[in-house]
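What follows is the residue order along each chain.
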Amino acid sequence: MEQPTDRQSLENQMERDGRLPPGQSLTKKFPVLHYGSIPPFDPQTWSFRIWGEVEEEISWNWEEFSQLPQTEIQLDIHCVTKWSKFDTIWKGVSIHSLIELGLIQLKPEAAYVLQYADGGYTTNLPLKLILQENFLLATYFDEKPLTPEHGAPVRGMVGHIPGSEIKTTYFWKGAKWLTGLEFLTEDQLGFWEKAGYHNEADIWKEQRSR
Ligand SMILES: Nc1nc2c(c(=O)[nH]1)N[C@H]1C(S)=C(S)[C@@H](COP(=O)(O)O)O[C@H]1N2
Ligand SMILES: [Mo]
């Protein structure tokens, strides 16, 4: 028998499979959501900076960044505005692997990370979450380089890995047009977190706002 492919049937299937977090609904589209306008990307002047609680500050230009080792992961993404998109494929750089390779050397005090986007958006996460396999500095979606509206050339990416028990936050915890990571000893709220969104943002506990 053929599987139904209409939106409602797919959503029912995800719910039966335990992949639909409370209050979410499935979309087959890929909505574009952000505050402000899309910043231009110039590969000649673009740079990615890592600073704060690290032994050495890092600055990579686009050529250097694009040669970092890449990982591919499949994620279900969950926006706080209640849409969920399933089985999305992302490729990019994992922070865990950068540390393993010695490309980032954290100070022992490092415990939180603030993502900085071109245009001023910020969002914060505990270091522990940034090191999980469901977080990526993504440069590819669906085997193709990111489009400008979805965060080109690099975005923070966080989602749920089906069957995995690791913590998953809402999608705002991944900054599009990401240009820097600041490692911190203490937590510092990002853009939406300051505006009243929940700091932990756990999709299963429905932590949308404080
Ligand atoms: N730089 C930046 N990144 C951002 C945002 C933003 O406003 N600016 N919005 C966040 C929110 S609320 C969501 S749901 C996702 C949306 O990503 P998309 O447009 O690729 O679907 O980006 C997140 N990252
Ligand atoms: Mo969102």
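Up top you'll find the structure we're talking about.
Residues numbered from 1 in each chain as written. Chains lettered and ligands numbered in written order. Predicted model: local features only at pLDDT ≥ 70, side-chain atom pairs only at ≥ 80, totals over all residues. Heavy atoms only, no water.

## As for the overall build of the chain
The helix and strand inventory of the chain stands at five helices and eleven strands. In terms of C-alpha radius of gyration, the chain reaches 17 Å, essentially the compact-globule figure of 17 Å for 210 residues. Dimensions of the chain, computed from C-alpha atoms along their principal axes, come out at roughly 55 × 35 × 35 Å. Expressed as a percentage of its 210 residues, the buried residues of the chain come to 46%. A sequence separation of at least 24 residues applies to 66% of the contacts in the chain between residues at least 6 apart. Of the roughly 10,700 Å² that the chain leaves accessible, carbon and sulfur atoms contribute 49%. Side chains of the chain carry 20 positive and 30 negative charges; the gap between the two charge centres is 8 Å. (Helix = DSSP H or I, 4+ residues; strand = E, 2+ residues; numbered from the N terminus. Rg over C-alpha atoms; globule rule 2.2 N^0.38 Å. Buried < 20%, exposed > 50% of the residue type's maximum accessible area, 1.4 Å probe, protein only. Contact = heavy atoms within 4.5 Å. Areas by Shrake-Rupley, 256 points an atom, 1.4 Å probe, with all protein chains shown as cover. Lys, Arg positive; Asp, Glu negative; His and termini not counted. Charge placed at Lys NZ, Arg CZ, Asp CG, Glu CD.)

## Looking at the nonpolar core
Counting 48 residues, the largest nonpolar core has Phe48, Ile50, Phe65, Trp90, Leu137 and Leu181 as its most contacted members. Examining the composition of this core, we find that five residues originate from one element, strand E8 (residues 135-141), more than from any other. In this structure, Leu137 is in contact with Phe48, Phe65, Gly92, Val93, Ile95, Val154, Arg155, Leu178 and Leu181, ignoring residues within four places of it in sequence. (Core = buried A, V, L, I, M, F, W, Y, C linked by side-chain atoms within 4.5 Å.)

## Regarding the site of ligand 1
In the vicinity of ligand 1 there are 18 residues, among which Pro31, Tyr35, His150, Arg155 and Lys176 approach most closely. Taking Arg155, its side chain carries an N or O atom lying 2.7 Å from an oxygen atom of ligand 1. In the model, an oxygen atom of ligand 1 is placed 2.5 Å from a nitrogen or oxygen of the Lys176 side chain. Taken by itself ligand 1 offers 530 Å² of open surface, and the protein chains cover 98% of this. (Near = heavy atom within 4 Å. Polar contact = N/O pair within 3.5 Å; in protein donor to acceptor, adjacent residues only side chain to side chain.)

## What about the pairing of strand E2 (residues 47-52)?
Note that E2 and strand E3 (residues 58-61) share four bridges and pair antiparallel. Among the inter-strand pairings, Arg49 is bridged to a residue of E3, identified as Ser59. Count of turn residues in the E2/E3 antiparallel hairpin: five residues. Bridging between E2 and strand E11 (residues 178-184) involves four bridges; their strand directions are parallel. What sits directly across from Ile50, in E11, is Leu181. (Pairing = 2+ DSSP bridges.)

## What about the environment of Glu149?
Relative to the assigned elements, Glu149 resides in the loop between strand E9 (144-145) and strand E10 (155-158). When the C-alpha positions of Glu149 and Glu15 are compared, they lie 29 Å apart, and in sequence the two are 134 residues distant. Those residues in contact with Glu149 that lie beyond four places of it in its chain are Val32, His34, Ile38, Lys176 and Trp177.

## Here's the deal with the packing of aromatic side chains
Taken as a whole and judged by the stated rule, the model has 21 aromatic pairs. Seen from their ring centres, Phe48 and Phe65 are 5.1 Å apart, and the 45° between their planes marks the pair as tilted. Highlighted residues: Phe48 in strand E2 and Phe65 in helix H2 (residues 62-66), separated in sequence by 17 residues. For the pair formed by Phe48 and Phe65, the shared burial category is buried. An aromatic cluster of three or more residues is present, and its members are Tyr35, Tyr121, Tyr170, Trp172, Phe191, Trp192 and Tyr197. The cationic tip of Arg49 hangs over the ring face of Trp51; the distance from NZ or CZ to the ring centre is 4.1 Å. (Phe/Tyr/Trp six-rings, centres within 6.5 Å; stacked < 30°, edge-to-face > 60°. Lys NZ or Arg CZ within 6 Å of the ring centre and 35° of its normal.)

So yeah, pure geometry; function would need other evidence.
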